[in-house]
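Structural overview
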Amino acid sequence: MKKLVRSLLLLLGAGYLMTPVALSLGYGTQGPSPAKRHAKITLRVEIPNPVGSKYLNLWVPYPISDEHQKIENVEVTGSHQREGVYREPVFGNTALHLRWMQVQGNATMDFTFEVKRRERVVRELVVSDKQPSVLLEPFMEVDPQVALSLSEVVGSLDVNDAPIVVKARAAYDYLVDNFERDPKIVGCGTGDVPSFLNVRKGKCADFSSTFIALARCLGVPAREVYGLRISKERSEDISDDYHCWAEFFAPEVGWVPVDPSDVVKFARKKGLDLSDQQVREKREYYFGAVDEHRVKLGTGNQILLAPTQLLDPLPYFMCPYLEVGYESNCEGADLKKMNLKGLTFTALCQPISERRSLIGIGEEAPSFYGQTFQGDHFETAPFIGSKYLVLSFFATW
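Nothing here was measured: the structure is a model prediction, and the numbers come from that model.

**Looking at the packing of aromatic side chains**
- Under the counting rule described, the total for this entry stands at 13 aromatic pairs.
- For the pair Y62 and F111, a centre-to-centre distance of 5.5 Å together with 20 degrees between the ring planes defines the contact as stacked. Note that Y62 is positioned in the loop between β3 (53–61) and β4 (69–78) and F111 in strand β7 (residues 107–118), a separation of 49 residues in sequence.
- For Y62, a relative accessible area of 17% puts it in the buried group.
- We classify F111 as buried; its relative accessible area is 1%.
- Between Y172 and F287 the ring centres are 5.1 Å apart and the planes differ by 55 degrees, which places this aromatic pair in the tilted class.

**Digging into the pairing of β7**
- Note that strand β2 (residues 36–47) and β7 share twelve bridges and pair antiparallel. Of the residues in β7, the one forming a bridge with I41 is F113.
- Where β4 and β7 come together, eight bridges link them in antiparallel fashion. Looking at β7, one finds that Q69 is bridged to R117.

**Observations regarding the pattern of salt bridges**
- Taken as a whole and assessed by the stated rule, the structure comprises 14 salt bridges.
- Note that E72 is salt-bridged to K70, the shortest N-O span being 3.8 Å.
- Each of R169, D173, D177, R283 and E284 takes part in one network of salt bridges that share partners.

**A look at the sheet that holds strand β15 (residues 254–258)**
- Pairing in this open sheet of four strands is antiparallel, and the strands run β15-β14-β12-β17 from one edge to the other. One side of each edge strand has no neighbouring strand; the edge strands of this open sheet are β15 and β17 (294–298). On average, each strand axis in the sheet is inclined to that of its neighbour by 40 degrees, with strand direction left out of account.
- Here strand β14 (residues 242–250) runs beside β15; their pairing, made up of five bridges, is antiparallel.

**A few points about the confidence of the model for the protein chain**
- The share of residues in the protein chain with pLDDT of 70 or more is 73%, and the mean pLDDT across the chain is 77.
- Contacts of residues 1–30 to residues separated by more than four positions or lying in other chains number 58 contacts, the stretch itself having pLDDT below 50.
- Low confidence marks residues 375–389, where pLDDT is under 50. Its contacts with residues over four positions away, or in another chain, come to 40 contacts.

**A closer look at the nonpolar core**
- Counting residues in each nonpolar core, the largest one holds 47 residues, and the members touching the most others are L150, L157, Y172, F211, L214 and F248.
- Tallying contributions element by element places helix α4 (residues 164–178) first for this core, with ten residues.
- Beyond its immediate sequence surroundings of up to four residues, F211 is in contact with A168, A171, Y172, L175, A246, F248 and V258.
- The next biggest cluster of nonpolar side chains, apart from the first, holds 35 residues, and it includes L43, Y62, F113 and C188.

**Focus on helix α7 (residues 260–270)**
- If you check which residues of α7 are buried, you get P260, S261, D262, V263, V264, F266 and A267.
- Directly after α7, the chain includes G271, whose backbone phi takes a positive value near 65 degrees.

**Thoughts on the packing of α4 against α7**
- Contact geometry for α4 and α7: axes closest at 9 Å, N-to-C directions at 25 degrees. Between α4 and α7, the crossing angle belongs to the class labelled roughly parallel. In this structure, α4 meets α7 at a crossing whose hand is right-handed. In contact with Y172, L175 and V176 of α4, α7 contributes P260, V263 and V264.
- Looking at the contact of α4 with α7 residue by residue, the class counts come to six nonpolar, no polar and no charged.

**A closer look at the layout of surface pockets**
- One number sums up the size of the largest pocket: a volume of about 840 Å³.
- Along the wall of the largest pocket there are 30 residues; nearest its centre are R229, K232, D262, K265 and K269.
- Mapped by element, the contributors of at least two residues to the lining of the largest pocket are β14, α7 and α8 (277–285).
- Roughly 700 Å³ of volume is contained in the second largest pocket.
- Taken together, 26 residues make up the lining of the second largest pocket; nearest its centre are S209, R216, E224, N301 and Q302.
- Elements represented by at least two residues in the lining of the second largest pocket include exactly α5 (193–199), α6 (204–217) and β12 (222–229).

Criteria and cut-off values
Numbering of residues starts from 1 in each chain and follows the order in which that chain's sequence is written. In view of the model being predicted, local features appear only for residues whose pLDDT reaches at least 70, and side-chain atom pairs are presented and counted only at 80 or more, with totals across whole chains, interfaces and linings using the full set of residues. Values reported for side chains reflect all heavy atoms of the structure, with hydrogen atoms and water molecules removed beforehand. Centres within 6.5 Å are what make two rings of Phe, Tyr or Trp a pair, Trp counting through its six-membered ring; a difference in plane orientation under 30 degrees is then read as stacked, over 60 as edge-to-face, and the rest as tilted. Secondary structure is summarised from DSSP: a helix means a run of H or I of at least four residues, a strand means a run of E of at least two, and numbering begins at the N terminus for each. For each residue, the accessible area found with a 1.4 Å probe, counting protein chains only, is set against the maximum for its type, and the residue is called buried under 20%, exposed over 50%, and partly exposed in between. A pair of strands is treated as paired once DSSP finds two or more bridges between them. The term salt bridge refers to a side-chain nitrogen of Lys or Arg lying within 4 Å of a carboxyl oxygen of Asp or Glu. Axes here refer to lines fitted to C-alpha atoms; in helices the fit is confined to the stretch in contact. Angles between the N-to-C directions go from 0 to 180 degrees. Predictor confidence is given residue by residue as pLDDT, running from a minimum of 0 to a maximum of 100. Contacts: residue pairs with any heavy atoms within 4.5 Å of one another. Among buried residues, those of type Ala, Val, Leu, Ile, Met, Phe, Trp, Tyr and Cys that are joined through side-chain atoms within 4.5 Å constitute a nonpolar core. Orientation is classified from the angle alone, with under 35 degrees giving roughly parallel, over 145 giving roughly antiparallel, 65 to 115 giving roughly perpendicular, and any other angle giving oblique. Crossings are classed by handedness, with left-handed meaning an anticlockwise turn of the near helix from the far one by less than a right angle and right-handed meaning a clockwise turn. Put simply, Ala, Val, Leu, Ile, Met, Phe, Trp, Tyr, Cys and Pro go in the nonpolar bin, Asp, Glu, Lys and Arg in the charged bin, and everything else, Gly too, in the polar bin. Think of a 1 Å grid over just the protein atoms. A cavity is a set of points where a 1.4 Å probe fits yet cannot get out, a pocket is an open set with protein on both sides within 12 Å along at least five of seven lines, and lining residues have an atom within 4 Å of a point. Grid points are joined across faces, edges and corners, and a volume is the space filled by probe spheres set on the points.

As structure tokens, this is what we get:
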């Protein structure tokens, strides 16, 4: 790894700290137009017969339009009594919030939208001696225990005096070279950096969280991006196609996307060594680019939703989140009928109960359906009283 970074620095020349230089990553300044996708996506939720519940609160990630995706023709239908779209203030994540009161029968909801998404490619990365602005300090914070777990890696990369772009590339290459994708892991992984460093296998949340932590330890502003893959087929169940990647901030350029997980996934799927030309091309592509087959849903970590949830902050907000409230004496609360085929609630008559992760097999849970179009180019927190028991799951399937 040290040789790779030193060779890169040598290629840039001794004066790289004095003058911005275009770093070649396999793209020229002129290239093909960004690829595009147009899809219609439906999130369908059915909560079976929540007998005895006082209320249900459901938060669903609500994608918004930006320079890389256009969201339109949004429709929400269901048996809920209250509905609203809210934006939390820290990371700007937007959520569709629904509320059911004393539900009779199943609680249902369909959330449909169209997305026009374009490939995002940064064709030139400028190597500069500029340092991050103070406005980027929130994207430089690292948990002390995570930083300690990465201290040996940081020392081995030997890029302390390098420009930000070179540091980011060193972090990216370290992940591609030293970690494997484990398809047996349910969902996107946990994003637990020390654990990932230990087992050396994981999913996209593990890769992106570790890239972000390592980049920040090296002095590079970085952040999470959470989303959903758009199926390449015309119509397909995409319930398991949540995906996350990362971005780092490069002076003179702005936020730059990276996706080390997709490089490792491609190599494993094709049975190819990292030295194979196809894998090398993917490695170059996903440092500075992400494809058009994805919808951005949000960013950030330890998230307090809006309206604020009753329990702890969420590690990330990529999947629907549900809280179920029962009266404290539990009278009439038939918890067996609330069991979502594999999820077992623990119900004690106390104000707040634990949050469970819905990661088992065979749950009846929210599901996404995607339809691809062909040939198209183109806040007040809830009252927390002693009389309610909150049962909830964080959907990570």
